[in-house]
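Here are the chains, one letter per residue:
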Amino acid sequence: MTFSIAAWCRRTGQLGVGALTARPAVGKLVAHVQSGGGAVATQATVNPFLAYHGLPLLDEGRSPQDVLTELLAQDPGRDVRQVGMVDRHGRSYAFTGSRTMGWAGQGTAPGRVTRCRATAW
């Protein structure tokens, strides 16, 4: 099971990502933050390029929904991905592919995105 959150603090403007998982050393692939741009968490079948390419677009002021829609349209593995973004304004958007293993879900609210995936072993 993996649980992750990408968040923005309304008071300080700080961004962050946290993740809990049963997989060792996954943090460097899940959590991505760019000061002044946004925060991205990617899990399930991880594609860190969604963050590598998405953070500069968030930094340009594009919305998380626009950024993820564009990047996922170019990702042939999108059906097995989970990804969420929050920008420096607190706008958030999340995506859960239709073929993630086990149960998978997500939630968004101003300033945060949370996702969870549970797999039966």
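Just so you know, these numbers come straight off a predicted model, no measurement behind them.

A. Representation of the nonpolar core within the structure. If you look at the biggest cluster of nonpolar residues, it comprises 13 residues, and the most contacted ones within it are Val 40, Leu 58, Val 67, Leu 71, Leu 72, Val 83 and Met 85. At the level of elements, helix 2 (49-59), helix 3 (64-73) and strand 5 (81-87) are the ones that each hand at least two residues to this core. In terms of residue count, the dominant contributor to this core is helix 2 (5 residues). In this structure, Ala 6, Trp 8, Leu 15 and Val 86 belong to the second largest nonpolar core, which totals 5 residues.

B. Representation of helix 3 in the model. Those residues of helix 3 not exposed but buried are Pro 64, Val 67, Leu 68, Leu 71 and Leu 72. Buried residues along helix 3 cover an arc of 115° about the axis, so they all sit on one side. Buried residues along helix 3 sit in contact with helix 2, strand 5 and strand 6 (92-96).

C. Here's a closer look at the pattern of salt bridges. Within the structure shown, the criterion is met by 4 salt bridges. Note that Arg 88 is salt-bridged to Asp 59, the shortest N-O span being 3.7 Å. A residue pair is termed long-range when its members are at least 10 positions apart, and Arg 88 in the loop between strand 5 and strand 6 and Asp 59 in helix 2 qualify at 29 residues. On the accessibility criterion, Arg 88 (29% relative accessible area) is partly exposed.

D. Here's a closer look at the sheet that holds strand 5. Here 4 strands make up an open sheet; going across it, the order is 3-4-5-6 and the pairing antiparallel. Strands with a single pairing partner mark the edges of an open sheet, and in this sheet they are strand 3 (31-34) and strand 6. In this sheet, adjacent strand axes meet at a mean angle of 10° when their direction is disregarded. In this structure, strand 3 lies alongside strand 4 (residues 38-44), joined through 4 bridges in antiparallel fashion. Bridging from a neighbouring strand, His 32 pairs with Val 40 of strand 4. Across the sheet, helix 3 lies against strand 5 and strand 6, angled at about 150° from strand 5, the strand it touches most.

E. Main features of helix 2. Within the span of helix 2, buried status applies to Leu 50, Ala 51, Gly 54, Leu 55, Leu 57 and Leu 58. On an axial view of helix 2, the arc spanned by its buried residues comes to 165°, and they lie on one face. Considering only its buried residues, helix 2 is in contact with strand 3, strand 4, helix 3 and strand 5. In the segment just after helix 2, Gly 61 is the residue with positive phi, at about 100°.

Basis of the calculations
Residues numbered from 1 in each chain as written. Predicted model: local features only at pLDDT ≥ 70, side-chain atom pairs only at ≥ 80, totals over all residues. Heavy atoms only, no water. Core = buried A, V, L, I, M, F, W, Y, C linked by side-chain atoms within 4.5 Å. Buried < 20%, exposed > 50% of the residue type's maximum accessible area, 1.4 Å probe, protein only. Helix = DSSP H or I, 4+ residues; strand = E, 2+ residues; numbered from the N terminus. Arc of directions from axis to C-beta. Contact = heavy atoms within 4.5 Å. Salt bridge = Lys/Arg side-chain N within 4 Å of Asp/Glu carboxyl O. Pairing = 2+ DSSP bridges. Axes fitted to C-alpha atoms, helices over the stretch in contact; angles between N-to-C directions.

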